[in-house]
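Fold and contact review
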Amino acid sequence: MKTKTLKKDKVNIITLGCSKNMVDSEVLSGQLLANEIDVVHESGKKDHNIVVVNTCGFIDKAKEESINTILEQLELKQRGKLEKVYVTGCLSERYRGDLESEIPGVDAWFGTMELPLILKKFDADYKAELVGERLLSTPTHYAYLKIAEGCNRTCSFCAIPLMRGSHVSRPIEQIVAEAEKLVNSGVKEIMLIAQELTYYGLDLYKQRRLADLMRALAGVKGLEWIRLHYAYPHKFPMEVLDAMNEFPNICKYIDMPLQHAADNMLKAMKRQITRVEMEELVTAIREKVPGICLRTTLITGFPGETLDDVEELKTFLEKMRFDRVGVFTYSHEEGTSAYELEDNIPAEEKERRAQEIMEVQQEISYEKNQEKIGKIFRVLVDKKESGRYLARTEFDSVEVDNEVIINTTKRLKPGEFVEVRITKAYDYDLEAELV
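Not measured: the values here are computed from a predicted model.

Thoughts on the overall build of the protein
Within the protein one finds 13 helices and 18 strands. A principal-axis box enclosing the C-alpha atoms of the protein has dimensions of 65 × 55 × 45 Å. Counting the 435 residues in the protein, one finds 54% classified as buried. Taking contacts inside the protein between residues at least 6 apart in sequence as the whole, the part at least 24 apart equals 74%.

Structural data, given as structure tokens:
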């Protein structure tokens, strides 16, 4: 039996990468707390003796950031500031063998699905009854809610199935119970996340059940906003839009990564959809839910992409006029089917193309924002910064979308809903006054 030392362990969890990783860290921290182990998220206080780095292994930049973070923590350990450094997450899942030999100072490595094994290192038990108990790393008024793990898609550029396995949906009752716990703790907005939301239910119920899940969540008392992230365009379940129209607390917002518009690129990326089909889908979505905000992400510099393909992507954006767009440069990932192709576009050229695409979108975003001047919106206050309040409309997700800057002397609280009139508009942000 382990003898208790005088000094009690305190764990600092550092999370890199996406919101799905963030949820994993929150679940780990909830389990540690239930085992009476002190835990914090990304504390700058330096009063902890153990660090868990939850890594990202998605693309080159993320991998580099993860490795640098591990090395920084190991340096603190060498200087006697830390006792243990544990590493978990996607990078660890994907490259554990190589990392163990190249970075020997780490005390233990864990994959993406090894939460009980991490807890064992703390002489802690995994408590199954704690489903949904999390120590939030976000402000208390919003939270991410993971509805499934893994992905069954075979997109040629994507390494996620290598790190997260195949798609596994969580039961509706379990997700609703977690949402109720979150709302009881003060959460007003829940963002539904998965590698791919629209596949939800196929493995568990033998049919797509995202719309049913949304309806069940819409009935959670006190839940003001439900937001959809990462919907796949191929075989998009249109009944999701019916649910959106039925319930005012389901945001008229969909994040649907399309990745490209040129058919030869879509085929090489194994996206199972053509440009014409994407245009028809976007048109149908907008017809069914007038005023919906559509966000997409695109990739530049995929092997074989020509300047004509980039021009086609630009004309596609000009035609479809998405509300929000993010652009990534292609990262050549071993283990993916695109890895067999020659990564023949230099990094600077990939960046230049991404910049060109963003310039087209910047103009569209500016024009769309100008149309909002004088209009009234209900917004959620996120925080106060430099004497001004930053808020969001239902058409804006956290960190990636527009912010509404409220100029007022009135005291507002984070998590409060207020009505504002838009007074000024910029490329990506809006200014407003209280109504």
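Having seen the structure, we can now continue with the description.
A look at the domain arrangement of the protein
Domains assigned within the protein are domain 1 (10-129), domain 2 (134-371) and domain 3 (375-434). Put simply, the middle of domain 1 and the middle of domain 2, counted by C-alpha atoms, are 27 Å apart. Opposite the 26 residues of domain 1 that make contact, domain 2 presents 23 residues. For the pair domain 1 and domain 2, the summed buried area comes to about 2,200 Å², and 58% of that belongs to carbon and sulfur atoms. By the criterion of area lost to domain 2, the three top residues of domain 1 are Lys20, Glu26 and Arg94, representing 29% of everything that side buries. Taken together, the connections running from domain 1 to domain 2 amount to eight salt bridges. We note a salt bridge from Arg94 to Glu334, for which the minimum N-O separation is 3.8 Å. Inspection of the region where domain 1 meets domain 2 yields 16 residue pairs in polar contact (both at pLDDT 80 or more).

Considering the UniProt feature "domain: MTTase N-terminal" (unreviewed entry) in the protein
According to UniProt, the feature "domain: MTTase N-terminal" (unreviewed entry) maps to residues 9-127 in the numbering used here. Annotated as residues 9-127, this span is 46% helix and 20% strand, and its ends, taken at the C-alpha atoms, are 19 Å apart.

Some remarks on unusual backbone geometry
Negative phi is the rule for most residues except glycine; trans is the rule for most peptide bonds. We note that Arg321 has phi near 45 degrees; this positive angle belongs to a residue other than glycine. The phi dihedral of Glu399 is positive, around 70 degrees, even though this residue is not glycine. On the secondary structure map, Glu399 appears in the loop between β15 (388-392) and β16 (403-406).

A look at the packing of aromatic side chains
Evaluation of the coordinates by the stated rule reveals six aromatic pairs. Aromatic pair Tyr86 and Phe110: ring centres 6.2 Å apart, planes at 70 degrees, arrangement edge-to-face. Of this pair, Tyr86 sits in strand β4 (residues 84-89) while Phe110 sits in the loop between β5 (108-109) and α4 (115-121), and the two are 24 residues apart along the sequence. Residue Tyr86 is classed as buried on the basis of its relative accessible area, which comes to 4%.

So, the pattern of salt bridges
Oppositely charged side chains can pair when the atoms bearing their charge come close. Inspection of the entire model under this criterion finds 43 salt bridges. Here Arg215 makes a salt bridge to Glu246, at a shortest N to O gap of 2.8 Å. With a gap of 31 residues between them, Arg215 in helix α8 (residues 210-218) and Glu246 in helix α9 (residues 239-246) connect regions that are remote in the sequence. Residue Glu246 is classed as partly exposed on the basis of its relative accessible area, which comes to 43%. A salt bridge links Glu349 to Arg353, with the shortest nitrogen-to-oxygen separation between them at 2.8 Å. Within this pair, Glu349 and its partner Arg353 are both found in helix α13 (residues 347-370), separated by four residues, close to a single helical turn. A network of salt bridges, in which partner residues are shared, links Glu305, Glu311, Lys314, Glu349, Arg352, Arg353 and Glu356.

Brief notes about the sheet that holds strand β6 (residues 142-146)
In spatial order, the strands read β6-β9-β10-β11-β12-β13; together these six strands make up an open sheet with parallel pairing. Edge positions in the sheet fall to β6 and β13 (324-329), since each has one partner strand and no second. Neighbouring strand axes in the sheet, compared pairwise and without regard to direction, differ in orientation by 20 degrees on average. Alignment of strand β11 (residues 250-255) against strand β12 (residues 293-300), held across three bridges, turns out to be parallel. Pairing of Ile254 across the sheet is with Leu294, part of β12.

About the criteria used
- Residues numbered from 1 in each chain as written.
- Predicted model: local features only at pLDDT ≥ 70, side-chain atom pairs only at ≥ 80, totals over all residues.
- Heavy atoms only, no water.
- Helix = DSSP H or I, 4+ residues; strand = E, 2+ residues; numbered from the N terminus.
- Buried < 20%, exposed > 50% of the residue type's maximum accessible area, 1.4 Å probe, protein only.
- Contact = heavy atoms within 4.5 Å.
- Domains from an automatic or database assignment.
- Buried area = accessible area lost by both parts, 1.4 Å probe.
- Salt bridge = Lys/Arg side-chain N within 4 Å of Asp/Glu carboxyl O.
- Polar contact = N/O pair within 3.5 Å; in protein donor to acceptor, adjacent residues only side chain to side chain.
- UniProt positions renumbered as here; feature names shortened; annotations may be inferred.
- Phe/Tyr/Trp six-rings, centres within 6.5 Å; stacked < 30°, edge-to-face > 60°.
- Pairing = 2+ DSSP bridges.
- Axes fitted to C-alpha atoms, helices over the stretch in contact; angles between N-to-C directions.

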